[in-house]
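# A closer look at the structure
Here is how the chains run, residue by residue.
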Amino acid sequence: MEALRASSVPSLSNIRKALHKSTFFKPKLMNFQSSPFIPSWSFSSTYLKITSTPFKVFTVSSPTSSSSTVSTENRPPPPEPELETEIKDEKFDWFSEWYPIMPLCDLDKRVPHGKKVLGLDIVVWWDKNENAWKVFDDACPHRLAPLSDGRIDKSGRLQCAYHGWCFNGSGHCKLIPQAAPDGPSVHTSKKACVGMYPSSVQHDIVWFWPNKDPEYKDIVKKKTPPYIQELDDPSLTKWFGNRDFPYGYEVLIENLLDPAHVPYAHYGIIQAPPPEVKIDREGGKPIELAVKQLDINGFIGKAEWGGGNFIAPYIYHAYLDPTANLVNKSASSSGNEAQLFFRQKLEKPKVLFTFFCVPVSPGNSRLIWCFPNYFGGWIEKFIPKWMFHIGIDLVVQDSDLYLLHVEERKIMDAGLANWQNTCFVPTTSDAFVFGFRRWMNKYTGGQVNWRGKFSETLPPTPPREQLMDRYWSHVVNCRSCNSAYKSLNAVEVILQVISIVSIGIAAATKQSVMSAAARTTAVSMGVVCFVASRWLAHFIYKNFHYHDHNHALH
């Protein structure tokens, strides 16, 4: 690493400095036809037309096996040699990095939360005695019951629900109810302690260091989680969300690095500005992308609209470059006050979206996203967060989840070393994906290091309805959506009760007691409430459980 820093070629660790000196321009708003709850600027930067010089990109080096030789037709133009830092045998250490667990907005201080990150089962809970979030092994040392299914007792300790053992914020056992009070203090044994991971809070996200060795107890003093200045800008409102996916970390990142799929996989959900020459219904077009630097820290991505940087091993964020011709052209030719407002507002660099792609286990990943913007403050007063998430789910879940799940299995069947031969990627629109695969091949051996915890086989594919389930992958982990889900279900039950009671009263009451008008009113109310309850049940199922997406009908 020191050699990297001393190199004349700037490493990715200097991205922040470069970003801070840049300025970004707000893109033209996009029309989200299917849902008003998706931020209209989220993906629009992908399709801005800016005159620029074509970039050169990195190709992915061929594996050593002879079966993995890459044909020249599957290569974008070669990279500029001076842009890549070479350090012999430099390898990425997956267990020497901070990993994001969950946004604070989706964590409940009253209960422990079980998560899996990098193959590790962990429990996140709020220690009110130390006013800090703690991260433990999700296993009680007694009989290995999951502590995430436990509770936080009245003294603020984490209590196992199986036998009541209690642990303080340092992982020490403070109570074993089954131990005799006049006997040996078995709770003081080291074997009674829970493994504790270093944890920290940054950018309103809880992070942990996946190593419990005592030498890393104060690792936060030496190395902090990745810092992104825009996420600490008080003038920006930050929309957070999270979702679990039934495909791996590699496929998740590749999908985010690939702007060319947006008008096709998300057709009818996101409508981008039309290209100058429309060659098909969806409006796809050539996209100039390039990887201008690649080292162990990730790579810097350049695009005709700005850039999108990959910070190893899990962060991808994109921005616009106002130095492009579009800025002056837009501000001078249209005279639109809104465009001038955006330009003034974005004199400082602003990240349009930031994605944290967490490796969970083979075939499973978690996405934490943050959309910094100027408009969330007043939008949130009128549109609740769960409605916004319904729109996001259409993009990040329903429209391409099945495609990616199947894609990953085909890649694994062919073998990770044969990715370059299996996938034909001849255009510059795949340059970021090429860069990521090159980084994986060069510094990680082409795959995540699970430390031997898993076999190379992926989990079996479940039924489509289970595969694309929204409840367990998002709703149960999102405080806003979970609260809305419970409230809407309660309203559904109330409507059903009103329907039954209204019709029951009309049927049981004698004609001499209830007038015909009153009886008609009661029956009508019952019918209306029943229909409303059925519509609400469909709405709940479609938006909180399963929403299928048929590309042929969009």
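Conventions used here
Residues numbered from 1 in each chain as written. Predicted model: local features only at pLDDT ≥ 70, side-chain atom pairs only at ≥ 80, totals over all residues. Heavy atoms only, no water. Pairing = 2+ DSSP bridges. Helix = DSSP H or I, 4+ residues; strand = E, 2+ residues; numbered from the N terminus. Phe/Tyr/Trp six-rings, centres within 6.5 Å; stacked < 30°, edge-to-face > 60°. Buried < 20%, exposed > 50% of the residue type's maximum accessible area, 1.4 Å probe, protein only. Polar contact = N/O pair within 3.5 Å; in protein donor to acceptor, adjacent residues only side chain to side chain. Contact = heavy atoms within 4.5 Å. pLDDT = per-residue confidence, 0-100.

## A look at the sheet that holds strand 6 (residues 158-159)
The strand order 5-6-7-8 describes an open sheet built from four strands, whose pairing is antiparallel. The open sheet has two edge strands, strand 5 (151-152) and strand 8 (173-175), and neither has a second partner.

## Describing the packing of aromatic side chains
Counted according to the given criterion, the structure contains 30 aromatic pairs. Relative to F436, the ring of F310 has its centre 5.4 Å away and its plane inclined at 90 degrees; by these criteria the two rings are edge-to-face. One end of the pair, F310, is in strand 15 (residues 306-311); the other, F436, is in helix 11 (residues 431-444), and 126 residues separate them in sequence. Ring plane angle 85 degrees and centroid distance 6.1 Å describe the contact between F355 and F371, whose orientation is recorded as edge-to-face. Of this pair, F355 sits in strand 17 (residues 353-361) while F371 sits in strand 18 (residues 364-373); the two residues are 16 residues apart in sequence, bridging distant segments of the chain. Each member of the pair F355 and F371 is classed as buried. By way of ring pairs, the aromatic residues F92, W94, Y249, F299, F310, F432, F436 and W439 are connected into one cluster.

## Let's talk about the environment of D280
Mapped onto the elements, D280 comes out in the loop between helix 4 (262-265) and strand 13 (289-295). Of the polar contacts made by the side chain of D280, one reaches the backbone nitrogen of G283; its length is 2.8 Å.

## Topic: the environment of F95
Checked against the element boundaries, F95 lands in the loop between helix 2 (15-20) and strand 1 (99-103). Ignoring any residue separated from it by four or fewer positions in sequence, one finds F95 in contact with L118, L120, W209, P210, N211, N449 and R451.

## Section: the pairing of strand 14 (residues 298-303)
Counting buried positions along strand 14 yields five of six residues, so the element is predominantly enclosed. Examined bridge by bridge, strand 13 and strand 14 share six bridges and lie antiparallel to one another. Note on strand 14: the bridge partner recorded for D295 is G298. Where strand 14 meets strand 15, four bridges bridge the pair, whose relative direction is antiparallel. From the neighbouring strand, G298 faces strand 15, where its bridge partner is I311.

## Remarks on the confidence of the model for the protein chain
Per-residue confidence for the protein chain gives a mean pLDDT of 80, with 76% of residues at or over 70. The low-confidence segment residues 1-74 (pLDDT under 50) makes 227 contacts with residues lying over four places distant or belonging to another chain. This model gives residues 77-83 a pLDDT under 50, and the stretch forms 15 contacts once residues within four places in sequence are excluded.

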